[in-house]
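A structural walkthrough
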Amino acid sequence: MFGGKDYYRIFDSLDDTDKILGLFRQTALGDFGVTSSLYGVSHSFHLALEKGFSHAIESWTDYPDRYLETCARRGLLDHEYAARHIIEQRKPIIWTEVPASSNATPAELARWELDNEFGMAVGISLPLTFGPHHGSGIGLSMSGKSANEVRALWEERGQALSRLCMSFDAAMRRVALPERFALTRREKDVLTFSVAGLSAQQIATHLGVTNRTIEGALSRARSKMGCANTTEAVAKAIIFGLI
């Protein structure tokens, strides 16, 4: 319990992504002054850092549309220092620390200037659930607060804010990821058999269907999950708890 609120179990009764997002945004704004957020989950930090965040991160955000459109138009969506920091360092970062970071790239500094232009330069990014090469994180914009106010909030109530975000992360993994990919029972089955190393023909024989049926299910699963091959689809499905 934090301040009378049970952030540990706040999302337990919810089984709809929109309701989870709505409760998180309402609570984060009312209790901590968070004006908008971007939550992301990646099955491969290597791909996220190599190809860009937008290529290897599933995200949900209520950042202002015009801000995101401008980021995209200027080619800056994949260049956010705070996101790279929580992947590489696995530590929270207050956004105002970005300009002082000696390893910020020119594109990341350009993104920082854009953040200032849109009033998105004050906030904090937190690493959430992390595995060896995958995990999730969240960026919390606090427009209207000063950098000193954010630092004070983090020092005084950082534990409560972290607990809210971790509970939100658990709920999104439980509900939002399965909703986003919407794998059918057959698609889950063929991915599960693929984990054991069975070929499409072996899976077809086991299930009593044609090889074409299995190949079709694997193709649909890869397409839904945005994966280049079955190996990546299987890894993504396991990491995201889809099978």
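Scroll up for the structure.
Counting restarts for each chain: residues are numbered from 1 in the order of the written sequence. Totals for whole chains, interfaces and linings use all residues, but because this is a predicted model, local features are given only for residues with pLDDT of at least 70 and pairs of side-chain atoms are given and counted only at 80 or more. To get the side-chain values, take all heavy atoms of the structure and skip hydrogens and water.

**Focus: unusual backbone geometry**
Peptide bonds are, in most cases, trans, and in most cases residues other than glycine have a negative phi. As a reminder, the rule being used: Numbered from the N terminus, helices here are DSSP runs of H or I no shorter than four residues, and strands are runs of E no shorter than two. Each residue is placed in one exposure class: buried if its accessible area under a 1.4 Å probe, protein chains only, is under 20% of its type's maximum, exposed if it is over 50%, and partly exposed if it falls in between.
Here the phi dihedral of R90 falls at roughly 55 degrees; this positive angle occurs in a residue that is not glycine. Secondary-structure assignment places R90 in the loop between helix 5 (81-88) and strand 3 (93-94). One non-glycine residue, A182, lies in the positive phi region at around 45 degrees. Position of A182 among the secondary structure elements: in the loop between helix 7 (147-181) and helix 8 (185-195). Judged by its relative accessible area of 44%, A182 falls in the partly exposed class.

**Some words on the pattern of salt bridges**
Cut-off, in case you're wondering: Between Lys or Arg on one side and Asp or Glu on the other, a salt bridge is scored when a side-chain nitrogen of the former is within 4 Å of a carboxyl oxygen of the latter.
Within this structure, the stated rule accounts for 14 salt bridges. R185 serves as the salt-bridge partner of D189, at 3.2 Å between the closest nitrogen and oxygen. Of this pair, D189 and R185 both sit in helix 8, four residues apart, which is roughly one turn of the helix. Taking the relative accessible area as the measure of exposure, D189 reaches 24% and is therefore partly exposed. Three or more residues are tied together by salt bridges with common partners; here these are E58, R180 and K236.

**Structural notes on the sheet that holds strand 5 (residues 135-141)**
Under the convention used in this document: A pair of strands counts as paired when DSSP detects no fewer than two bridges linking them. Here, residues are in contact when the closest pair of their heavy atoms is within 4.5 Å. Interaxial angle, 0 to 180 degrees, is taken between N-to-C directions of lines fitted to C-alpha atoms, where a helix line uses only the stretch in contact.
One open sheet accounts for five strands, arranged 2-1-5-4-3; its pairing is antiparallel. The strands lining the two open edges of the sheet, one partner per strand, are strand 2 (57-61) and strand 3. In this structure, strand 1 (residues 36-42) lies alongside strand 5, joined through seven bridges in antiparallel fashion. Within strand 5, the position partnered with S36 by the bridge is S141. Packed onto the sheet, helix 5 meets strand 3, strand 4 (123-130) and strand 5 and runs at close to 35 degrees relative to strand 4.

**Describing the packing of aromatic side chains**
Which entries qualify depends on this criterion: Each pair of aromatic rings taken from Phe, Tyr and Trp, with Trp reduced to its six-membered ring, is defined by centres within 6.5 Å and is described as stacked if the planes are under 30 degrees apart, edge-to-face if over 60, and tilted in the remaining cases. The rule is short: NZ of Lys or CZ of Arg within 6 Å of the ring centre and within 35 degrees of the ring normal puts a charge over the ring.
This structure, assessed with the given rule, holds nine aromatic pairs. Measuring from ring centre to ring centre gives 5.1 Å for Y39 and F168, while their planes differ by 70 degrees; the resulting arrangement is edge-to-face. Of the two residues, Y39 is situated in strand 1 and F168 in helix 7; the sequence distance between them amounts to 129 residues. Judged by relative accessible area, which is 2%, Y39 ranks as buried. By way of ring pairs, the aromatic residues F11, F24, Y39, W60 and F168 are connected into one cluster. Over the face of the ring belonging to W60 we find R180, whose NZ or CZ atom lies 3.9 Å from the ring centre.

**Some words on the nonpolar core**
Worth spelling out the cut-off: To form a nonpolar core, buried Ala, Val, Leu, Ile, Met, Phe, Trp, Tyr and Cys residues must be joined to one another through side-chain atoms within 4.5 Å.
Core analysis: the biggest nonpolar cluster contains 50 residues, and F24, I138, L140, L161, F168, L191 and M225 have the highest contact counts within it. No other element matches the 13 residues that helix 7 contributes to this core. Aside from chain neighbours lying at most four places away, what touches L161 is F32, I124, L126, L140, M142, L153 and W154. Listed in part, the 17 residues of the second largest apolar core include Y63, V98, A104 and W112.

**Looking at the environment of E113**
Inspection of the secondary structure assignment puts E113 in helix 6 (residues 106-117). Of the residues examined, E113 reaches a relative accessible area of 56% and is grouped as exposed.

**Looking at helix 4 (residues 65-73)**
Inclusion rule: Note: the arc covers the axis-to-C-beta directions of the helix.
Taken residue by residue, helix 4 has Y67, L68, T70 and C71 as its buried positions. The arc enclosing the buried residues of helix 4, seen along the axis, measures out at 160 degrees, which places them on a common side. Looking at helix 4, the residues exposed on the side facing more than 90 degrees away from the buried face are D65, R66 and R73. Buried positions along helix 4 lie against strand 2 and helix 6. Downstream of helix 4 by a residue or two, G75 has a phi angle that is positive, lying close to 70 degrees.

Purely geometric stuff here, so don't read any function into it on its own.
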